[in-house]
Amino acid sequence: MDLAGFLFDGFALPFMARALAVLAALSLVAGVVGVLVNLRGLEFISDGLTHAVFPGIAIGFVWSGQDGLFVGALIAALVASVALTLIARSKVPTDAAIAVVFTAMFSIGVVVVSREANYAGQLEQLLFGRLLTVGPAEVVQTIVICGVALLVVALTLKEQVFRAFDHTGFSAAGYRPLLLDLMLNGAIALVVVAATSAVGNLLVLAVLIVPGAVARLLTSRLWLLFPIAAVFSGVAAWLGLALGYAASVDLGIELSSGATVVLVLVAGYAVALLARILVDRLRGRTER
């Protein structure tokens, strides 16, 4: 298979096109939200949200199958985002409290799923996703949820950036940190909901965190962070899907599409990190 065939042939198939549409929507919103997560240092809270959403996913899935997954995830995500925001603003040790909450919530989800007959298969689907079997209705749901998350962030973007760089000045200027934190964590929760069905609960964090981290390595210009993160995420999604398809068709090797996309994201981060280290060393030698 030549390069053009590798990059484009698979996406002529409807299931591959739907998978790419889902990941394109996720790439756009995760790129924007992920940069704010990186600037604010909210990676651990984001991890907590992905785990805290799991019981809602499990209950919705057990209650009414795939149709209940989005509803259960959405309810759990919004409740968890409020709870984690309040915990982060409290005087208790934040990391420990968040770790306790997401461990408990994740365990509840596993217990709920374990009550079902096909426990192993259902748990695997919820944890690792089913990217290549998403239907048209789920594509629409994902795009709508991503659009809402993007709108929430877009309406408060300047304030979010101000909050990230100058917390004291932000409060002194009369803004309400609690409201802004709730909006950002709500947007993170929506990204988690939108991504869970496609890439699975355990892999959502990479989609949310890695693009913003890569953008921070590639540029120090604030407003370039967002397009770089979104473009990187979209390209990684495209290459990951194409790689999984080529491995299956040409080599007979079955690869998890969601996991393959995440590995491409992580590989891209490794390349960007290596490039940044080399550039910094060259600059250090030049300045001596």
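From a predicted model like this one, the values you see are computed outputs, not experimental measurements.

## Considerations on the overall build of the protein chain
A tally of helices and strands in the protein chain yields 14 helices and 0 strands. Its helices and strands in sequence order give the protein chain the pattern α-α-α-α-α-α-α-α-α-α-α-α-α-α, from N to C terminus. Expressed as a percentage of contacts within the protein chain between residues at least 6 apart in sequence, the contacts between residues at least 24 apart total 78%. As displayed, the protein chain has an accessible area near 13800 Å², and 68% of this comes from carbon and sulfur atoms.

## Considerations on the side chain of Ser 27
Relative to the helices and strands, Ser 27 is located in helix H2 (residues 14-40). Reaching out from Ser 27, the side chain makes a polar contact with the side chain of Ser 233 at a distance of 3.1 Å. Within the local environment of Ser 27, its side chain forms a polar contact with the backbone nitrogen of Gly 234, the two atoms lying 3.3 Å apart. Not counting residues up to four positions away in its chain, the partners in contact with Ser 27 are Ala 230, Ser 233, Gly 234 and Ala 237.

## Considering helix H8 (residues 136-155)
When the terminal C-alpha atoms of H8 are compared, their 29 Å separation across 20 residues agrees well with the 28 Å that a helix rising 1.5 Å per residue should span. Every buried residue of H8 is accounted for by Glu 138, Val 139, Thr 142, Ile 145, Cys 146, Ala 149 and Val 153. Axial view of H8: buried residues confined to an arc of 135°, hence all on one face. Those residues of H8 that are exposed and aimed more than 90 degrees away from the buried face are Pro 136, Ala 137, Val 140, Leu 151, Ala 154 and Leu 155.

## Some thoughts on a nonpolar patch on the surface
Among the surface-exposed residues, Leu 243, Leu 251, Ile 253 and Leu 255 lie close enough to one another that they form a single nonpolar patch of about 360 Å² accessible area. Turning to its location among the elements, Leu 255 is positioned in the loop between helix H13 (222-251) and helix H14 (257-287).

The rules behind each value
Residues numbered from 1 in each chain as written. Predicted model: local features only at pLDDT ≥ 70, side-chain atom pairs only at ≥ 80, totals over all residues. Heavy atoms only, no water. Helix = DSSP H or I, 4+ residues; strand = E, 2+ residues; numbered from the N terminus. Contact = heavy atoms within 4.5 Å. Areas by Shrake-Rupley, 256 points an atom, 1.4 Å probe, with all protein chains shown as cover. Polar contact = N/O pair within 3.5 Å; in protein donor to acceptor, adjacent residues only side chain to side chain. Expected span 1.5 Å × (residues − 1). Buried < 20%, exposed > 50% of the residue type's maximum accessible area, 1.4 Å probe, protein only. Arc of directions from axis to C-beta. Patch = residues over 30% accessible without salt bridge, like charges linked within 9 Å, V, L, I, M, F, W, Y side chains within 5 Å. Salt bridge = Lys/Arg side-chain N within 4 Å of Asp/Glu carboxyl O.

Nothing here speaks to function; it is geometry throughout.
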